[in-house]
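# Chain and residue survey
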Amino acid sequence: MDKTFAQDVLKGLTTKNKYLSSKYFYDDNGSRIFQEIMHMPEYYLTDSEFEILSLQAQQIIEAVHFNRPFNIIELGAGDGFKTFKLLEYLINKNIEFHYVPIDISQEAIDTLSNKLLERLPNLSIQPKVGDYFEMLKDFKLTETPSLLLFLGSNIGNYLENQVNKLLQLFNESMKVGDKLLIGVDLKKNPLIIQKAYLDDQGITKKFNLNLLLRINRELDADFKIDDFDFYSYYNPDTGDVKSYIVSLRNQKVTIKKLNATIDFRYDELIWTELSKKYALEEIENMAISNGFKVQQNFLDCKHYFVDSLWVK
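Predicted model only: the values in this text are computed from it and were never measured.

Secondary structure assignment for the protein chain yields eleven helices and twelve strands. A globule of 312 residues ought to have a C-alpha radius of gyration of about 20 Å, and the protein chain, at 20 Å, matches this closely. The C-alpha extent of the protein chain, read off along each of the three principal axes, is 60 × 40 × 35 Å. Each of the 312 residues in the protein chain was classed as buried or not, and the buried ones make up 53%. In the protein chain, the proportion of contacts linking residues at least 24 apart, taken out of those at least 6 apart, comes to 73%. Separation of charge centres in the protein chain, based on 37 positive and 45 negative side chains, amounts to 3 Å.

Here you go:
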């Protein structure tokens, strides 16, 4: 049993306003469901960032401007779908680099490594499974410059104080002159955003309810999935998308490995995720306040998304 997972579940489900951390979505099954989300037509984020990395790979690498071999360290690599075009460009141009994908899921890392080596047999790849910051410590001790990738709008999943803490940790883990390419979803027509997070096929619902299945499996709980639903909404003033699991009746859930019985009221909510959208000015302020300088912004043609290149 993962003690941290157990403690976080107990804490989240016994507070007045229940919550579960979105970082626990990504067990192997959750990672597979997220791949489905990324291929939904409504989920514009994947296509927008893929467009940037496909069509502007040359401009990105020229802006990075490392004049010797370097590391590309991808934090939360997933399936590497978007990053492929950047890696392909570098190999085609005979630019010397090492790709270091880091992910919490062993299955995701194995799948990524096999796919990339099949398509890019000359790729120098050093995959790692585990916590970002433990892995990053080793790279700060070397003289090799690094480009960190934090793509897919992952930054949007953090509250403001958590964002600053995370970015400060990134900064502390980097050498002066290292670069960070950070994917950020931009504020836009609220209807476009709403459809991306409350899809008609119910894939996002399945992604959220998988967290209850994970608790059942790992903590010996008895959540009845049909007794819960999913809801998400977007606030265009704050840029926040918030997602919830909804209890459809008064019910009790027993979690045997926690020696706990949790009461749920009819229509009670469990907050599962924040997906914040930013304006370009907010991104600039976020970089400066955490010890970075924005070097260049790379936007898709619709200006839905930005990969922002920062330098320490």
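Further remarks concern the pairing of strand 2 (residues 97–103). In terms of burial, strand 2 is a largely internal element, six of the seven residues being buried. As paired strands, strand 1 (residues 70–75) and strand 2 are joined by six bridges and run parallel to one another. Paired with L75 across the strands is I102, a residue of strand 2. Taken together, strand 1, helix 5 (residues 83–92) and strand 2 form a β-α-β motif whose crossover is right-handed. The sheet contact formed by strand 2 and strand 3 (residues 128–129) spans two bridges and is parallel. Residue pairing for strand 3: I102 is matched across the bridge by K128. In terms of handedness, the path from strand 2 via helix 6 (residues 106–119) over to strand 3 forms a crossover that is right-handed.

A word on the packing of helix 7 (residues 132–140) against helix 8 (residues 160–173). Where helix 7 meets helix 8, the closest approach of the two axes is 9 Å, and the angle between their N-to-C directions is 25°. In this view, helix 7 runs roughly parallel relative to helix 8, as classed from their interaxial angle. Along the contact surface, helix 7 presents Y132, F133, L136 and K140, while helix 8 presents L166, L169, F170, E172 and S173. Looking at the contact of helix 7 with helix 8 residue by residue, the classes come out as six nonpolar, one polar and two charged.

Strand pairing in a sheet is mediated by backbone hydrogen bonds. Such pairs are either parallel or antiparallel. Read from one edge to the other, the open sheet built from seven strands follows the order 3-2-1-4-5-12-11, with strand pairing classed as mixed. Among the strands making up the open sheet, the edge pair consists of strand 3 and strand 11 (293–299). Packing of helix 11 (residues 280–289) onto the sheet brings it into contact with strand 5 (179–185), strand 11 and strand 12 (305–311), and relative to strand 12 it is tilted by some 25°.

On to the nonpolar core. Counting 71 residues, the largest nonpolar core has Y99 and I255 as its most contacted members. Ignoring sequence-local partners within four residues, the contact set of I255 consists of V9, L13, I215, L219, D220, A221, A260 and I262. Counting residues in hydrophobic clusters, the runner-up holds 30 residues, among them I73, I102, L166 and V294.

Attention shifts here to the side chain of D300. As for its placement among the helices and strands, D300 is situated in the loop between strand 11 and strand 12. Buried and unpaired, D300 has no salt bridge, with K302 as the nearest side chain of opposite charge at 6.9 Å. For D300, the side chain forms a polar contact with the main-chain nitrogen of Y304, separated by 2.9 Å. Residues contacting D300, with those up to four places away along its chain left out, are S48, E51, I52 and F305.

A few words now on helix 8. With 14 residues, helix 8 extends 20 Å from end C-alpha to end C-alpha; this agrees with the ideal 20 Å at 1.5 Å per step. Listed as buried for helix 8 are V163, L166, L167, F170, N171 and S173. Down the axis of helix 8, the buried side of the element spans an arc of 165°, and every buried residue falls inside it. Those residues of helix 8 that are exposed and angled more than 90 degrees off the buried face are N161, K165 and E172. Buried positions along helix 8 lie against strand 1, helix 7, strand 4 (146–150), strand 5, helix 11 and strand 12.

Cut-offs applied
Residues numbered from 1 in each chain as written. Predicted model: local features only at pLDDT ≥ 70, side-chain atom pairs only at ≥ 80, totals over all residues. Heavy atoms only, no water. Helix = DSSP H or I, 4+ residues; strand = E, 2+ residues; numbered from the N terminus. Rg over C-alpha atoms; globule rule 2.2 N^0.38 Å. Buried < 20%, exposed > 50% of the residue type's maximum accessible area, 1.4 Å probe, protein only. Contact = heavy atoms within 4.5 Å. Lys, Arg positive; Asp, Glu negative; His and termini not counted. Charge placed at Lys NZ, Arg CZ, Asp CG, Glu CD. Pairing = 2+ DSSP bridges. Right-handed = clockwise from strand over helix to strand, strands pointing away. Axes fitted to C-alpha atoms, helices over the stretch in contact; angles between N-to-C directions. Parallel < 35°, antiparallel > 145°, perpendicular 65-115°, else oblique. Nonpolar A, V, L, I, M, F, W, Y, C, P; charged D, E, K, R; others polar. Core = buried A, V, L, I, M, F, W, Y, C linked by side-chain atoms within 4.5 Å. Salt bridge = Lys/Arg side-chain N within 4 Å of Asp/Glu carboxyl O. Polar contact = N/O pair within 3.5 Å; in protein donor to acceptor, adjacent residues only side chain to side chain. Expected span 1.5 Å × (residues − 1). Arc of directions from axis to C-beta.

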